[in-house]
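# Examination of the molecular architecture
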Amino acid sequence: MGNSLKAILAFVPSNKCQKYLLEDLEEMPVDKMVDLSGRQMRRLPLHICSFRELVKLYLSDNNLNHLPPELEQLQNLQILALDFNNFKALPLVVCTLKQLCILYLGNNKLCSLPLELRLLQNLKTLWIESNCLQYLPEVVCELSLLKTLHAGSNALRTLPPQLQCLQELRTIWLSGNLLSEFPPVLLDMPFLEVIDVDRNSIQFFPSLAHLSGLKLVIYDHNPCRNAPKVAKGVRRVGRWSEETPEPRKRSGAVIEITLDEKPLLPPATKSEPE
């Protein structure tokens, strides 16, 4: 089906047209995954909400700005991809999906996150990059199992001190924000393994040598006068570092693929929850 035809049918609410967009997806797939990425959809076909055993739902790269309340029926959902859509606010129905482990919200128009997000206590990976966030919502600090936080390409100037409560957090990606100083709260998080503050406005780096869990710090493209001091064996990427390898990149942010991060592969091969 051509993209132009999909775009036209996306405006038509009839069941026949919506069924055409689903390409005759009548029964829940054996792998418990539905990928509707890039279908030019403006609303989620309600038929999908009847697949109550669904584990993965990919809705990336559409024209969605709301979700139906019937989505709450998908209580087994572990991965939900809503990136590259037109959401100005996170639909509250998403916060009822309490088994979610991975939530992709990047490349939308979000200026905040609802307090109800705290209900997602199984969440391990949160992607909120490329939105309109001027501050990191404090509700993120209540996601006690969070291991990976992607918050690059926003307008963040600082981080809340409550972030240190996330003792399971291992990687934090803050590339492309408006940080004028290295976030002090990160100095109190020795369990962090990866810190990315590439492409900010940081002029001076404090010593990071006391961060015992640190494995990689990315600080390139900052107007800094010094390189951050790190413990032996910690890899640095930036000015005056001993080595500047060429890691893979995604949307301008340096990425090392791990099990709970979004890979550079087609949606069908997106990462599994731990």
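Cut-offs used in this document
Residues numbered from 1 in each chain as written. Predicted model: local features only at pLDDT ≥ 70, side-chain atom pairs only at ≥ 80, totals over all residues. Heavy atoms only, no water. Helix = DSSP H or I, 4+ residues; strand = E, 2+ residues; numbered from the N terminus. Buried < 20%, exposed > 50% of the residue type's maximum accessible area, 1.4 Å probe, protein only. Contact = heavy atoms within 4.5 Å. Polar contact = N/O pair within 3.5 Å; in protein donor to acceptor, adjacent residues only side chain to side chain. Pairing = 2+ DSSP bridges. Axes fitted to C-alpha atoms, helices over the stretch in contact; angles between N-to-C directions. Phe/Tyr/Trp six-rings, centres within 6.5 Å; stacked < 30°, edge-to-face > 60°.

This part takes up the overall build of the protein chain. Broken down by element type, the protein chain carries two helices and twelve strands. What you see in the protein chain, going N to C, is helices and strands ordered as α-α-β-β-β-β-β-β-β-β-β-β-β-β. For the protein chain, with 274 residues in total, the buried portion stands at 50%. Nonlocal contacts in the protein chain, meaning residues at least 24 apart in sequence, comprise 29% of its contacts between residues at least 6 apart.

Mapping Asp 198 onto the fold places it in the loop between strand E8 (194-196) and strand E9 (216-218). The exposure class of Asp 198 is buried, given its relative accessible area of 1%. At 2.9 Å, the side chain of Asp 198 and the side chain of His 221 are in polar contact.

Before going further, it helps to spend a moment on the sheet that holds strand E7 (residues 171-173). In any sheet, the strands associate via hydrogen bonds between backbone groups, in a parallel or an antiparallel arrangement. With parallel pairing, ten strands are arranged side by side in an open sheet as E1-E2-E3-E4-E5-E6-E7-E8-E9-E10. Taken across any chain shown, the strands that pair with only one partner, and hence form the sheet edges, are strand E1 (33-35) and strand E10 (235-237). Neighbour-to-neighbour, the strand axes of this sheet turn through a mean angle of 5°, independent of strand direction. In this sheet, E8 lies alongside E7 in parallel orientation, the contact comprising three bridges. Paired with Thr 171 across the bridge in E8 is Val 194.

What follows is about the packing of aromatic side chains. Counted under the stated rule, the structure contains three aromatic pairs. Three or more aromatic residues joined by ring pairs make a cluster, and in this case those are Phe 182, Phe 205 and Tyr 219.

Moving on, we get to unusual backbone geometry. Not every positive phi belongs to a glycine, and Asn 107 is a case in point at roughly 55°. Residue position: Asn 107 is located in the loop between strand E4 (102-104) and strand E5 (125-127). Note on Asn 107: relative accessible area 23%, which makes it partly exposed. Even without glycine at this site, Ser 153 takes up a positive phi of about 55°. If you trace the backbone, Ser 153 turns up in the loop between strand E6 (148-150) and E7.

Take the side chain of Asn 85 next. Among the secondary structure elements, Asn 85 is positioned in the loop between strand E3 (79-81) and E4. At 3.4 Å, the side chain of Asn 85 forms a polar contact with the backbone nitrogen of Asn 63. Among the polar contacts listed, one links the side chain of Asn 85 to the backbone oxygen of Asp 83, at a separation of 3.2 Å. Ignoring anything within four residues of it in the chain, the contact list for Asn 85 reads Leu 59, Ser 60, Asp 61, Asn 62, Asn 63, Leu 64, Asn 107 and Asn 108.

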